[in-house]
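# Residue-level structural notes
The lines below spell out each chain.
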Amino acid sequence: METPKQLDMTPEDELEPLLDVTPELARKRRSQARIIFDRFVRNRAATVGACCLILLFLFCFVGPIITGHNNATQPALTDPSAAPSWQYPLGADDLGRDLFARAAIGGQVSLLVGLSSMLVAIILGTTIGALAGFYGGWIDNVLMRVTDVFLSVPTYLLLFVLSASFTNGSTLSIITLIAVFGWTTAARLVRGEFLALKEREYVMAARTIGAGDFRLMFRHILPNAIGPIIVNATLQVGNNIILESVLSFFGFGVKVPFPSWGTLINDGQGQLDIDPKLVFIPGILIFLTVLSCNLVGDGLRDALDPHMTER
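Residues numbered from 1 in each chain as written. Predicted model: local features only at pLDDT ≥ 70, side-chain atom pairs only at ≥ 80, totals over all residues. Heavy atoms only, no water.

As recorded in an unreviewed UniProt entry, the protein goes by Binding-protein-dependent transport systems inner membrane component and comes from Ktedonobacter racemifer DSM 44963. The heading Sequence similarities (unreviewed entry) in the UniProt record of the protein holds the text "Belongs to the binding-protein-dependent transport system permease family." Quoted verbatim from the Subcellular location (unreviewed entry) field of UniProt, the annotation for the protein is "Cell membrane". (UniProt positions renumbered as here; feature names shortened; annotations may be inferred.)

Pasting the structure below:
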């Protein structure tokens, strides 16, 4: 026989306990992107690196527009090597040029070279690695032997020779040159991921229902290998910035009067004893950018790790 309490219960009352969302259920209902974001934010070092990168981008690309310090090639002060002031926060170089403008505009060039060459290298390396890992056989042997040839060449020495012989010092030529020799790591990484993933059950199921090779590679396998690719891309930005700075420092990169952080260090090395800020300012900017890229890369590696458990 039903009790009075049972008679008073409505269907809504019966369903109410089922509507309570426990913390475990709420965690499971989060999207994959939210899970990755939460993991990344919990990594304090990676969060600090991301904030530093945002500030550096604002300094380089928004700072000259807001402050009006956008004259990086012509003298702006009559007093060479002027000390920092309210009007010119970083002072001037030995020719009276605004150092704030040169640091910001030079950062635009260095960041543009680092990002653009990374994108080209990642696209090229991903394509080569995907073909080698998916098809295997003689295609894998040929592509990987070509990769080994590029890896065996002294990168800096070859870049110096090619830059002096075949480039005109423009930003586009430096981007192309760095990208041509920067795809090898991505290719080997993607090849390894494809070798591990192409025999998985979901790939075999897609092949069974008639999916072609192109769809299998770029619709089913590549999205599952995107984590290591993103991490490698983040780390490669810092490496490319260092590479461009080294080329520009030795006179093989971006040509004057257009500045980059490498050319700023080259211009200021002769004044190191008199005005050390000419070297320290671009050097610190390079250091902060590369360190921030590495911190973000480490954070993304942990956040994208599918075996990482919730903490």
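Turning our attention to the overall build of the protein. From N to C terminus, the protein includes 15 helices and 0 strands. Burial analysis of the protein (311 residues in total) assigns 42% to the buried set. Sequence separation of at least 24 residues holds for 70% of the intrachain contacts in the protein that already meet a minimum separation of 6. Of the roughly 17400 Å² that the protein leaves accessible, carbon and sulfur atoms contribute 66%. (Helix = DSSP H or I, 4+ residues; strand = E, 2+ residues; numbered from the N terminus. Buried < 20%, exposed > 50% of the residue type's maximum accessible area, 1.4 Å probe, protein only. Contact = heavy atoms within 4.5 Å. Areas by Shrake-Rupley, 256 points an atom, 1.4 Å probe, with all protein chains shown as cover.)

Bringing the packing of aromatic side chains into the picture now. Counted according to the given criterion, the structure contains 9 aromatic pairs. Joined through ring pairs, the aromatic side chains of F160, F249, F250 and F252 make up one cluster. (Phe/Tyr/Trp six-rings, centres within 6.5 Å; stacked < 30°, edge-to-face > 60°.)

Turning our attention to the packing of helix α5 (residues 44-67) against helix α6 (residues 99-135). Where α5 meets α6, the axes come as close as 8 Å, and the angle between the chain directions of the two elements is 140°. Accordingly, the angle class assigned to the pair α5 and α6 is oblique. Our pair here, α5 against α6, has a crossing hand that is left-handed. In this structure, α5 uses F57, F59, C60, F61, P64 and T67 to contact α6, whose residues at the interface are F100, A103, A104, I105, G107, Q108, L111 and L115. (Axes fitted to C-alpha atoms, helices over the stretch in contact; angles between N-to-C directions. Parallel < 35°, antiparallel > 145°, perpendicular 65-115°, else oblique. Left-handed = near helix turned anticlockwise from the far one by under 90°.)

Orientation of α6 relative to helix α10 (residues 184-197), taken along the N-to-C sense of each, is 35°, at an axis distance of 7 Å. The chirality of how α6 crosses α10 is right-handed. Mapping the contact onto sequence places I122, G125, T126, I128, G129, A130, A132, G133 and F134 in α6 and A186, A187, V190, R191, F194 and L195 in α10. Its residues placed into classes, the contact of α6 with α10 shows 10 nonpolar, 4 polar and 1 charged. (Nonpolar A, V, L, I, M, F, W, Y, C, P; charged D, E, K, R; others polar.)

If you check UniProt for "transmembrane region" (unreviewed entry), the listed places come out as residues 45-66, 109-134, 146-166, 172-190 and 278-297 in our numbering. Secondary structure content for residues 278-297 is 100% helix and 0% strand, while the C-alpha to C-alpha distance between its ends is 30 Å.

This part covers helix α8 (residues 155-166). Two residues of an α-helix separated by three or four positions point the same way, owing to the 3.6 residues in each turn. Its 12 residues give α8 an end-to-end C-alpha distance of 16 Å, which sits within 8% of 16 Å, the value for a rise of 1.5 Å per residue. Among the residues making up α8, those that are buried are L159, F160, L162 and S163. In the core, the buried residues of α8 are packed alongside α9 (171-180) and α13 (226-249). (Expected span 1.5 Å × (residues − 1).)

Our next topic: the nonpolar core. Among the nonpolar cores identified, the biggest contains 45 residues, and F59, F194, W261 and L285 are the most heavily contacted of them. Mapped by element, the contributors of at least two residues to this core are α5, α6, α10, α11 (201-208), α12 (213-221), α13, α14 (261-268) and α15 (277-303). In terms of residue count, the dominant contributor to this core is α15 (10 residues). V113, L159, I174 and I178 belong to the second-largest nonpolar core, a separate cluster that totals 13 residues. (Core = buried A, V, L, I, M, F, W, Y, C linked by side-chain atoms within 4.5 Å.)

Looking at the element boundaries, D98 is found in the loop between α5 and α6. Judged by its relative accessible area of 3%, D98 falls in the buried class. As a C-alpha pair, D98 and S81 span 17 residues in sequence and 9.5 Å in three-dimensional space. Not counting residues up to four positions away in its chain, the partners in contact with D98 are H69, N71, A76, Y88 and G91. Side-chain polar atoms of D98 contact the backbone nitrogen of F100, separated by 3.1 Å. (Polar contact = N/O pair within 3.5 Å; in protein donor to acceptor, adjacent residues only side chain to side chain.)

In this section: the pattern of salt bridges. The full count for this structure, using the stated rule, is 10 salt bridges. Notably, a salt bridge pairs D93 with R97, separated by 2.8 Å at the nearest N-O pair. Accessibility assignment for this pair places D93 and R97 in one class, buried. Here K277 makes a salt bridge to D275, at a shortest N to O gap of 2.6 Å. The same class applies to K277 as to D275, namely buried. Connected via shared salt-bridge partners are D93, R97, R102 and D267. (Salt bridge = Lys/Arg side-chain N within 4 Å of Asp/Glu carboxyl O.)

Per-residue confidence for the protein gives a mean pLDDT of 83, with 88% of residues at or over 70. In this model, residues 9-19 is a region of pLDDT below 50 whose contacts with residues beyond four sequence positions or in other chains number 2 contacts. (pLDDT = per-residue confidence, 0-100.)

Further remarks concern a nonpolar patch on the surface. Where nonpolar side chains cluster on the molecular surface, the patch consists of I54, L55, L58, F61, V62, I65 and I66 and spans about 700 Å² of accessible area. Note on F61: relative accessible area 33%, which makes it partly exposed. (Patch = residues over 30% accessible without salt bridge, like charges linked within 9 Å, V, L, I, M, F, W, Y side chains within 5 Å.)

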